[in-house]
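Next come the chains, spelled out residue by residue.
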Amino acid sequence: MRVGVHTSIAGGVENAAHQAKKLGCDTFQMFSANPRGWQAQDLTDRHCEAFREARAQYGLTPVTVHDNYLINLASADSFIRARSIAAFRKEIERAIALGADYLVTHPGSSKGTTPAQAIANCAQSLREAADGLCLDGLMVLIENTAGQGSAIGRSFEEVAEIVTKAGRDLPVAACIDTAHCFAAGYPIHTPEGLEETIRKIDSTLGLKNVHVIHANDSKSAFGSHADRHEHIGKGQIGAAAFRCIVCHPRLSSIPFICETPIDKPGDDLRNIRMMRKLAGEIPRNGSESRKRRAG
Ligand SMILES: [Zn+2]
Ligand SMILES: [Zn+2]
């Protein structure tokens, strides 16, 4: 199992890699700028170099960048859409500069239009944002959503449609978020429901197109369409279901990234250890297993 968390770039992008190493991650996710502002600064060569060195030295792979939360590539409003396309192009450029493997994006909101039109807008915006750029190994991943408000991407079919439409012009695949699945009404909290959901992913997106799993428990109820993450094993999905998820032979080779809350210091470390414990890498009574120490 490759597991990691979303780490902070405070003080310089390279700190995201240092932090991931400190937490014992195999892989990690980061923002490449302030995720809640439109004015993103370009990354300096010095910081990108330090980042690439740290990441290589620690053997952290894959590296995933998550895009800005304000971006809405599906928007019916031409001003918001143009601004989103420009911002996403910058996201691609920064992810390339960092040597990242994946750039994860939420597909956006259909406010003011139909979901079908919003899906078409999103795919078209992705093509425009990437137009003329050499992605240099970077792949864009469309994340499924809880379906909160008018968010598109609540079903695997919607995500698959965007992937297919945009995929003609750029490398694009999917990121699946467990909390979003659960809130959207995919019953991953039961063994039968998990099997059914995996079959559904495979028949729509194709499991081979899922490159990252966001491993988050859910504070919100099943089918509530509310996006609220919880610590692994402490939410409505629960520890038993997460054990089935991390141990599932069809999922266990996909990198898991926790985007769990930090309510108190040490929560990231606890969530990673919980994931390893559920995967059987750490015995239930405590310290690291011989198997893991032996590599
Ligand atoms: Zn996520
Ligand atoms: Zn979420």
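Above this text is the structure in question.
Residues numbered from 1 in each chain as written. Chains lettered and ligands numbered in written order. Predicted model: local features only at pLDDT ≥ 70, side-chain atom pairs only at ≥ 80, totals over all residues. Heavy atoms only, no water.

Caption draft 1: Geometry of the state of the cysteines. Inspection of every chain in the model, using the stated rule, returns zero disulfides. Cysteine Cys 134 remains unbridged, with the sulfur of Cys 48 as its closest cysteine sulfur at 16 Å. Of all cysteine sulfurs in the structure, the one in Cys 244 sits closest to Cys 247, which takes part in no disulfide; the separation is 7.6 Å. (Disulfide = S-S within 2.5 Å.)

Caption draft 2: Examining the coordination of the zinc ion (ligand 1) more closely. Within the first shell, the zinc ion (ligand 1) binds the protein through Glu 143 (OE), Asp 177 (OD), His 214 (ND1) and Glu 259 (OE), at distances of 2.0 to 2.2 Å. One way to put it: the four donor atoms around the zinc ion (ligand 1) meet at angles of 86 to 174°, and that makes the site irregular. In the primary structure, the donors to the zinc ion (ligand 1) are separated according to the pattern E-x33-D-x36-H-x44-E. A distance of 4.6 Å spans the gap from the zinc ion (ligand 1) to the zinc ion (ligand 2). Here the residue Asp 177 occupies a position in strand β6 (residues 172–177), and His 214 occupies one in strand β7 (residues 210–214), the gap between them amounting to 37 residues. (Donors = N, O, S within 2.8 Å, 3.2 Å for Na, K, Ca; no water. Tetrahedral: all angles 85-135°; square planar, octahedral: opposite > 155°, others 65-115°. Helix = DSSP H or I, 4+ residues; strand = E, 2+ residues; numbered from the N terminus.)

Caption draft 3: A positive patch on the surface, seen in detail. There is a patch of like positive charges on the surface, built from Lys 234, Lys 264, Arg 273 and Lys 277. Structurally, the position occupied by Lys 234 is in the loop between β9 (229–230) and α8 (239–247). (Patch = residues over 30% accessible without salt bridge, like charges linked within 9 Å, V, L, I, M, F, W, Y side chains within 5 Å. Areas by Shrake-Rupley, 256 points an atom, 1.4 Å probe, with all protein chains shown as cover. Salt bridge = Lys/Arg side-chain N within 4 Å of Asp/Glu carboxyl O. Lys, Arg positive; Asp, Glu negative; His and termini not counted. Charge placed at Lys NZ, Arg CZ, Asp CG, Glu CD.)

Caption draft 4: How the structure looks around the pattern of salt bridges. In total, this model carries 11 salt bridges according to the counting rule given. A salt bridge links Lys 165 to Glu 161; the nearest nitrogen and oxygen atoms lie 2.9 Å apart. Remark: Glu 161 and Lys 165 occur in helix α5 (residues 156–166); sequence separation between them is four residues, near one turn of the helix. Here Arg 270 ties to Asp 267 by a salt bridge, and the two come within 2.9 Å at their closest N and O atoms. One end of the pair, Arg 270, and the other, Asp 267, are both in helix α9 (residues 267–278), three residues apart, so they sit about a helical turn from each other. One salt-bridge network, in which partners are shared between bridges, spans Asp 26, Arg 276 and Glu 281.

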